[in-house]
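# Descriptive analysis of the structure
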Amino acid sequence: MKLFKHLFAILFVLFSTQAFAELTPGKDYKLISPAQATSSGNKIEVLEFFFYGCGHCFHLHPELAAWERKIPKDVDFAHVPTIFNPNWEPMAHTYYALEAMGKNNDLHYDLFNAWHVSKTDLSDESKITAFLAKLGVDSQKFGAAYNSFGVKSKIMRSKQLTQALGIRGTPTLVIDGKYLVTGLQPADTIRVLTALIEKARKERAGKR
């Protein structure tokens, strides 16, 4: 059994090294220069910049959700609703309002599904509120959260991050404030994400 575990560990390291070696800067990922500070402390920060109305975000979501269920313990993952124009702002408010209510995990896919499958109109607060009410969300509590100072502060922070990190499209992943991944197919996105987390892990270990 010990021999088997030892061989497995060797194969895992070889596989991880190979996956990292196959990455091509400028193709698989871009360097963020200068690198930006993270808010994840000792953990490796992964941010997903997304918009519910983005078709590519919708297609990435199942792969990313599967990865998140097995997220390494030293990784901190967060969604960042992105606002490239005023029409995107209501859904950013929605994300942060549901986060404040503790309902994001339950309704994240429902909002993607409403946009891309049911073709539900979620263009303003009243229509979003009516849709969420059908899913059991208290309209008064949602409205209070939607228009709260805390949510408005997070909206401002999202805009600042988008500009500071040079986000130009969705979905975009940013790993540890240094590496930007965008424009790949879902499976390739997860492959590159996994390899860059390992790269960031080694870099952090080297600074200790």
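Structure's up top.
These notes cover the structure that comes with them. Only a predicted model underlies this, so the values are computations on that prediction, with no experimental measurement involved.

Parameters and conventions
Residues numbered from 1 in each chain as written. Predicted model: local features only at pLDDT ≥ 70, side-chain atom pairs only at ≥ 80, totals over all residues. Heavy atoms only, no water. 1 Å grid on protein atoms, 1.4 Å probe; cavity = no way out; pocket = protein on both sides within 12 Å on 5 of 7 lines; lining within 4 Å. Points joined across faces, edges and corners; volume = space filled by probe spheres on them. Helix = DSSP H or I, 4+ residues; strand = E, 2+ residues; numbered from the N terminus. Salt bridge = Lys/Arg side-chain N within 4 Å of Asp/Glu carboxyl O. Buried < 20%, exposed > 50% of the residue type's maximum accessible area, 1.4 Å probe, protein only. Phe/Tyr/Trp six-rings, centres within 6.5 Å; stacked < 30°, edge-to-face > 60°.

## Description of the layout of surface pockets
One way to see where empty space is left: roll a probe the size of a water molecule over the atoms. Of the pockets and cavities examined, the largest pocket occupies roughly 570 Å³. Contributing to the lining of the largest pocket are 27 residues, with Phe77, Ala78, His79, Tyr95 and Glu99 lying nearest its centre. Listing elements by their share of the lining of the largest pocket, those giving two or more residues are strand 2 (44–50), helix 2 (55–69), strand 3 (75–81), helix 3 (89–100), helix 4 (104–116) and helix 7 (149–164). If one sorts the elements of the lining of the largest pocket by residue count, helix 4 sits on top with five residues.

## Some remarks on the pattern of salt bridges
Applying the stated criterion to the full structure yields 10 salt bridges. In this structure, Glu99 engages Lys154 in a salt bridge whose closest nitrogen and oxygen atoms are separated by 2.7 Å. Separated by 55 residues along the polypeptide, Glu99 in helix 3 and Lys154 in helix 7 bring together distant segments of the chain. Relative accessible area serves as the criterion here: at 33%, Glu99 is assigned to the partly exposed category. Of the charged contacts, one joins Arg191 and Asp188 as a salt bridge, the two residues approaching to 3.6 Å between their closest N and O atoms. Taken together, the positions of Arg191 and Asp188, both in helix 8 (residues 186–206) and three residues apart, correspond to about one turn of that helix.

## Considerations on the packing of aromatic side chains
Ring pairs (aromatic) are described by centroid distance and by the angle formed between their planes. Taken as a whole, this structure holds 12 aromatic pairs when the rule is applied. Geometrically, the ring pair formed by Phe50 and Tyr52 is edge-to-face, given 5.0 Å between the ring centres and 90° between the ring planes. Centroid distance Phe58 to Phe112: 6.4 Å. Interplanar angle 45°. Geometry classified as tilted. Within this pair, whereas Phe58 is found in helix 2, its partner Phe112 is found in helix 4, the two being separated by 54 residues in sequence. Classification of Phe112 by relative accessible area gives buried; the value is 1%. One aromatic cluster in this structure is built from Phe50, Tyr52, Phe58, Tyr95, Tyr96 and Phe112.

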